[in-house]
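Residue-level listing of the chains:
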Amino acid sequence: MARSVTTQRKIINTAAAWGIGFLIFFPILWTILTSFKTEATAIADPPVFLAFDWTLENYEVVLERSNYARFLWNSVFIAGGSTLLGLIIAIPAAWSMAFVPSRRTKDILLWMLSTKMLPAVGVLYPIYLIFIKMGLLDSRIGLTVVLMLINLPIIVWMLYTYFREIPGEILEASRMDGATLKDEILYVLTPMAVPGIASTLLLNFILAWNEAFWTLNLTAAKAAPLTAFIASYSSPEGLFYAKLSAASTMAIAPILILGWFSQKQLVRGLTFGAVK
Amino acid sequence: MNLTMPLRFTSVAAILAANAAYAETTITIATVNNGDMIRMQGLTEDFTSKNPDIKLEWVTLEENVLRQRVTQDIAAKGGQFDVMTIGTYEVPIWAKQDWLVSLEDLPAEWDKDDILPAIRGGLTVNDNLYAAPFYGESSMVMYRKDLMADAGMEMPEAPTWDQIAKAAEAMTDKEKGIYGICLRGKAGWGENMAFLSAMANSYGARWFDENWTPQFDTEEWAATLNTYMDLMNNYGPPGASTNGFNENLSLFQQGKCGMWIDATVAASFVTNPTDSTVAEHVGFALAPDNGLGKRGNWLWAWSLAIPAGSDATEEAKKFVAWATSKEYTALVAENEGWANVPPGTRTSLYENEEYKKVPFAEMTLNSINSADPTNPTVDPVPYTGVQFVAIPEFAGIATQVGQEFSAALAGQQSVEEALEKAQALTADEMEAAGY
């Protein structure tokens, strides 16, 4: 009897999980489906789910009208660059906070996080003026630095949490064996924290890839990433849903594939330390 | 040795000279993703082949993002853009701030006098033209001739609001999913407030009196909003408070609207058989009036302007002159047909025999000509603009007022409450702005 209840519950749980999963995924699925419709079918009422004449016309138009490769390269450069730069700064910072904390470490951590509470638009104008002065407007380097700074608190916090899980005695042992600070971080701490670093890297890459405030406001033609590519397909006068969906699908495809292959690390990273 | 040195110098000089001759200037053009703009991007080879030393970079953005982006850049003198697509609302405000380059010195063959006077007036400040119109639009009635015929009615060329209400009633068949009239309900200064401000003009209402006192507490505004609510509640589609241009376009193209009063530029969409299921049944009429001598139609021109911070002003002028020239119109006609040329900017276009054959050409011209931005409503006003008030504060105020009116349409409050709130918030904002 007890066994049958468990099975029933399992079925319900599985169905519920699939149902919720499908519900969350549905907007993405709908975007992908719409990208294969004509503009007229895209707005049809009642909506058409699968039974329509599939067309690649929207992708042809989008590829013809925009330089997708340039937008993609800018996204890869900016998201990748800002994540790597962030890790280079955050690993030593998180190490010192985790293993040699001072009285103010907790305060510093909280202060770093508090910068995320300020609405981005609040600092838009000062940053814009600094960028003008330094000639960084519409440059990949400028955007890389800004995105790194924006995501730095999250990177430090995540790494700090992972590093705290590593017993300090192991590092002490390495010091006893004559390891320098550099050796300790590079050859002892980093290999042990690889899963944590990997999930931090992935999460920040995704955050930087999807960032649409700074990337739209600080770029024009040269450094514009895929967020600007999507924004160019919305129109105040004229139907655009199918073409916009095609552009969105092309913009999210690389990150969707990356997320698919690295989902284990992502889930592990996000749930790390959640249950103690 | 003596021979080789001069030879080297000559070669280097020749290379430098060659480079100088082919030195490319890049101009960055910020624009919206409207059909006419996209068509222009496709035809720029004509420009670059005539101007091999100028390279074009395009930044296409959503209208509100574009407006915010170029305002930010122009105010901070970022110099990111050399040419911008802006509307008739921004041009007078920005020109007064010295943010735009005067276009008075465009070549004579560009023919400034050929620009439609109503459009030119909206882009001129202190006798200086600050933007070249790329396409102009007004608003008009688009209606279903077949549904009108079924109802035994005929649409006058210049209908009144009463006639519109009767036609809406006759065409409504909710069981078949046909609604007599589709109008903008989505909140926004460029959405429902564009329509309602223009409609209010035909009822003799105005935004402000000569002393900049808001006028939402007048009978004229009450009459405007009550008529609008009656039309929409009785004959409009469900959920109209979230409908903007694109939502109504989609409804009309699917045959769900008997009438749609909106931008003249929509005419080419609803008569295009590829997207519209009712393409062959569409008729056009002037925007309605109320017997007071003013019609409820607006005036807008998407125009090309050069920001004062640009470091390639001369090249930008060449581009603006090309994109808004008669030759460009002919180029579009040759490649895409006369129905697709940018409408509403030049007198010569409406004198062209080929263009006269386009079904909506005459009605577009008449609509544009019947709007007067300097004298938009029955009583005198201290501002210019038909569906907007050309002051910087307007966009913010009108968006808030639009939210109140949209909430009334959604049934969340009464017309009286919406007007009271509109009056109070406009008075507060204007006082804070120092009027």
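Figured I'd write up the structure that's included with this text. Small disclaimer: the values here were computed from a predicted structure and weren't measured. (Residues numbered from 1 in each chain as written. Chains lettered and ligands numbered in written order. Predicted model: local features only at pLDDT ≥ 70, side-chain atom pairs only at ≥ 80, totals over all residues.)

## A short note on unusual backbone geometry
Excluding glycine, residues mostly carry a negative phi; peptide bonds, for their part, are mostly trans.
Residues and elements named next belong to chain B.
Next up, step 1: The backbone phi angle of Lys77 is positive, close to 55 degrees, even though this residue is not glycine.
Next up, step 2: Of note, Lys77 is situated in the loop between α4 (63-75) and β3 (83-86).
Next up, step 3: Despite not being glycine, Asp98 shows a phi value in the positive range, around 60 degrees.
Next up, step 4: Topologically, Asp98 is positioned in the loop between α5 (90-96) and α6 (117-122). (Helix = DSSP H or I, 4+ residues; strand = E, 2+ residues; numbered from the N terminus.)

## Observations concerning helix α2 (residues 35-42) of chain B
Next up, step 1: Among the residues making up α2 of chain B, those that are buried are Asp36, Met37, Ile38 and Met40 of chain B.
Next up, step 2: Buried residues in α2 of chain B make contact with α3 (57-65) of chain A together with β1 (25-32), β3, β6 (132-144) and α13 (313-323) of chain B. (Buried ≥ 20, exposed ≤ 12 C-beta atoms within 10 Å, placed from the backbone. Contact = placed C-beta atoms within 7 Å.)

## Concerning the packing of helix α5 (residues 105-114) of chain A against helix α7 (residues 140-165) of chain A
Residues and elements named next belong to chain A.
Next up, step 1: Close contact between α5 and α7 brings their axes to 9 Å; oriented N to C, the two are set at 140 degrees. Crossing handedness for the pair α5 and α7: left-handed. Contact residues: Leu109, Met112 and Leu113 in α5; Pro153, Val156, Trp157 and Tyr160 in α7.
Next up, step 2: Here the residues of the contact of α5 with α7 are counted per class, giving 7 nonpolar, no polar and no charged. (Axes fitted to C-alpha atoms, helices over the stretch in contact; angles between N-to-C directions. Left-handed = near helix turned anticlockwise from the far one by under 90°. Nonpolar A, V, L, I, M, F, W, Y, C, P; charged D, E, K, R; others polar.)

## Points about the interface of chain B and chain A
Next up, step 1: At the junction of the two partners, chain B supplies 29 residues and chain A supplies 24 residues.
Next up, step 2: At the level of secondary structure, the elements contributing two or more residues to the side of chain B that touches chain A comprise β1, α2, β2 (54-61), α4 and α11 (245-253) of chain B.
Next up, step 3: In terms of residues, the side of chain B that touches chain A owes the most to one element, β2 of chain B, which gives 5 residues.
Next up, step 4: Taken together, the residues of the side of chain B that touches chain A sort by class into 13 nonpolar, 11 polar and 5 charged.

## A look at the packing of α3 of chain A against helix α13 (residues 241-261) of chain A
Residues and elements named next belong to chain A.
Next up, step 1: Contact geometry of α3 with α13 gives a least axis separation of 9 Å together with a crossing angle of 70 degrees. By the criterion of interaxial angle, the relationship of α3 to α13 is roughly perpendicular. Of α13, the residues touching α3 (which contributes Asn58, Tyr59, Val61 and Val62) are Ala242, Lys243, Ala246, Ala247 and Met250.
Next up, step 2: Of the residues in the contact of α3 with α13, the class split is 7 nonpolar, 1 polar and 1 charged. (Parallel < 35°, antiparallel > 145°, perpendicular 65-115°, else oblique.)

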